[in-house]
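# An overview of the molecular structure
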Amino acid sequence: MFGRKSCCNRQMGFGFGNQMNANTMSECQVVEPTITKCVEEECIHEVPHVCPIHTHVIKRDIYNHTYTPQYSCSQENQVVNNDCGSCSNFM
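Residues numbered from 1 in each chain as written. Predicted model: local features only at pLDDT ≥ 70, side-chain atom pairs only at ≥ 80, totals over all residues. Heavy atoms only, no water.

## Considerations on the overall build of the protein
Along the backbone of the protein there are one helix and zero strands. Counting every position in the protein, which comprises 91 residues, the buried fraction comes to 5%. A total of about 10800 Å² of accessible surface is found on the protein, and carbon and sulfur atoms cover 54% of it. (Helix = DSSP H or I, 4+ residues; strand = E, 2+ residues; numbered from the N terminus. Buried < 20%, exposed > 50% of the residue type's maximum accessible area, 1.4 Å probe, protein only. Areas by Shrake-Rupley, 256 points an atom, 1.4 Å probe, with all protein chains shown as cover.)

## Thoughts on the pattern of salt bridges
This model, assessed by the stated rule, comprises one salt bridge. Salt-bridge contacts for Asp-61 lead to Lys-59; the nearest nitrogen and oxygen are separated by 3.9 Å. Grouping residues by exposure puts Asp-61 and Lys-59 together as exposed. (Salt bridge = Lys/Arg side-chain N within 4 Å of Asp/Glu carboxyl O.)

## Digging into the confidence of the model for the protein
Scored by pLDDT, the protein comes out at a mean of 78, with 68% of its residues at no less than 70. Taken together, the stretch residues 9-18 has pLDDT below 50 and engages in 14 contacts with residues farther than four places along the chain or on a different chain. (pLDDT = per-residue confidence, 0-100. Contact = heavy atoms within 4.5 Å.)

Below, the structure is given as structure tokens:
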């Protein structure tokens, strides 16, 4: 594209320009287009999650009522006096 002389005489632009003497010919350094390399990285992150689990206990006290008869007995003593009269009746 550019002749060797025009490339080397430039101080700015492509490559680095070298000072030329009348007796020496110097070569320029040619900078090629940049090659871009793509590197993919995977970053693994652990994200802790809290999963609250609540247990509610309902306690039931169940009372089963049973009935047992309890017998009792009572007694009444009565006195019957058969009074046929008095001793004077026998006289």
